[in-house]
Amino acid sequence: MTDEEMLERLIRQYQNLIYSICFRLTGDYFDAEDLAQDTFLSAYKNLGRFDGVNERAWLCRIATNKCIDYLKRAGRRSVPTADEYFTAIPDARSSPEELCLEESVKNRLYDCCCQLSPPYREVALDYYYHEMEVREIADKTGKNIKTLQTQIYRAKGMLKKLYRKEDLA
């Protein structure tokens, strides 16, 4: 079989697979087409060095390497403008609306936790409101971790009921 015939067989047999690999890695239809063609061109150029074992894996490796090289080059080529750069940086600060909503949710949570009876009130406040870890609560109170986990689980159920009552009111 000549190299040209071998290439035709490889393309017929693996073109969809190679294209799908390229498309998944680049996310672009046209780039995937170009990279799939580059993959088969590279395979054709290197048929003499190919040992004939597992051609599918060989082609997949070529396609993956082509895509990785392409993505690296594309990343170096793109130079963001000042506007793009600063708008791309996420703002860690919350908006006033988000701050107000967070405060409202926290206040509601605090009120619901305070409605629980001891020992669930203290555990719920520490775990849900103050966002302490179970280990920290155990160190603070001297209680067993398993006891605290049970109390947190029960407090959660009680808080759900309180939230539902408030939602219905």
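Here's what I pulled together on the structure shown here. (Residues numbered from 1 in each chain as written. Predicted model: local features only at pLDDT ≥ 70, side-chain atom pairs only at ≥ 80, totals over all residues. Heavy atoms only, no water.)

## Remarks on the overall build of the protein chain
Alright, step 1. Secondary structure summary: the protein chain contains eight helices and zero strands in total.
Alright, step 2. For the protein chain, the succession of helices and strands along the chain, N to C, is α-α-α-α-α-α-α-α.
Alright, step 3. Here the protein chain holds 169 residues, and 27% of them are scored as buried.
Alright, step 4. Taking the contacts inside the protein chain whose residues are at least 6 apart along the sequence as the reference set, 57% of them involve residues at least 24 apart.
Alright, step 5. Carbon and sulfur atoms provide 53% of the accessible area of the protein chain, an area that totals close to 12400 Å². (Helix = DSSP H or I, 4+ residues; strand = E, 2+ residues; numbered from the N terminus. Buried < 20%, exposed > 50% of the residue type's maximum accessible area, 1.4 Å probe, protein only. Contact = heavy atoms within 4.5 Å. Areas by Shrake-Rupley, 256 points an atom, 1.4 Å probe, with all protein chains shown as cover.)

## Some thoughts on a positive patch on the surface
Alright, step 1. A grouping of Lys156, Lys160, Lys161, Arg164 and Lys165 is seen on the molecular surface, where their side chains present a positively charged patch.
Alright, step 2. Here arginine 164 shows up in helix H8 (residues 145-168).
Alright, step 3. Overall, arginine 164 belongs to the exposed group, its relative accessible area being 53%. (Patch = residues over 30% accessible without salt bridge, like charges linked within 9 Å, V, L, I, M, F, W, Y side chains within 5 Å. Salt bridge = Lys/Arg side-chain N within 4 Å of Asp/Glu carboxyl O. Lys, Arg positive; Asp, Glu negative; His and termini not counted. Charge placed at Lys NZ, Arg CZ, Asp CG, Glu CD.)

## Here's the deal with the packing of aromatic side chains
Alright, step 1. Enumeration according to the criterion identifies six aromatic pairs in this entry.
Alright, step 2. Centre to centre, the rings of tyrosine 29 and phenylalanine 30 are 5.1 Å apart; their planes meet at 85 degrees, and the pair counts as edge-to-face.
Alright, step 3. Take phenylalanine 30: its relative accessible area is 56%, and that puts it in the exposed class.
Alright, step 4. Seen in terms of ring centroids, phenylalanine 50 and tryptophan 58 are 4.1 Å apart; in terms of plane orientation they differ by 20 degrees. Their pairing is stacked.
Alright, step 5. Among the aromatic residues, those joined into a ring-pair cluster are Tyr19, Phe23, Tyr29 and Phe30.
Alright, step 6. The lysine or arginine in question, lysine 106, covers the ring of tyrosine 129, its NZ or CZ lying 4.8 Å from the ring centre. (Phe/Tyr/Trp six-rings, centres within 6.5 Å; stacked < 30°, edge-to-face > 60°. Lys NZ or Arg CZ within 6 Å of the ring centre and 35° of its normal.)

## Quick word on the side chain of threonine 64
Alright, step 1. As for its position among the elements, threonine 64 is in helix H3 (residues 55-77).
Alright, step 2. Classification of threonine 64 by relative accessible area gives buried; the value is 19%.
Alright, step 3. Separated by 2.8 Å, the side chain of threonine 64 and the backbone oxygen of cysteine 60 make a polar contact.
Alright, step 4. Leave out the neighbours within four places in its chain, and threonine 64 touches Ile21 and Leu25. (Polar contact = N/O pair within 3.5 Å; in protein donor to acceptor, adjacent residues only side chain to side chain.)

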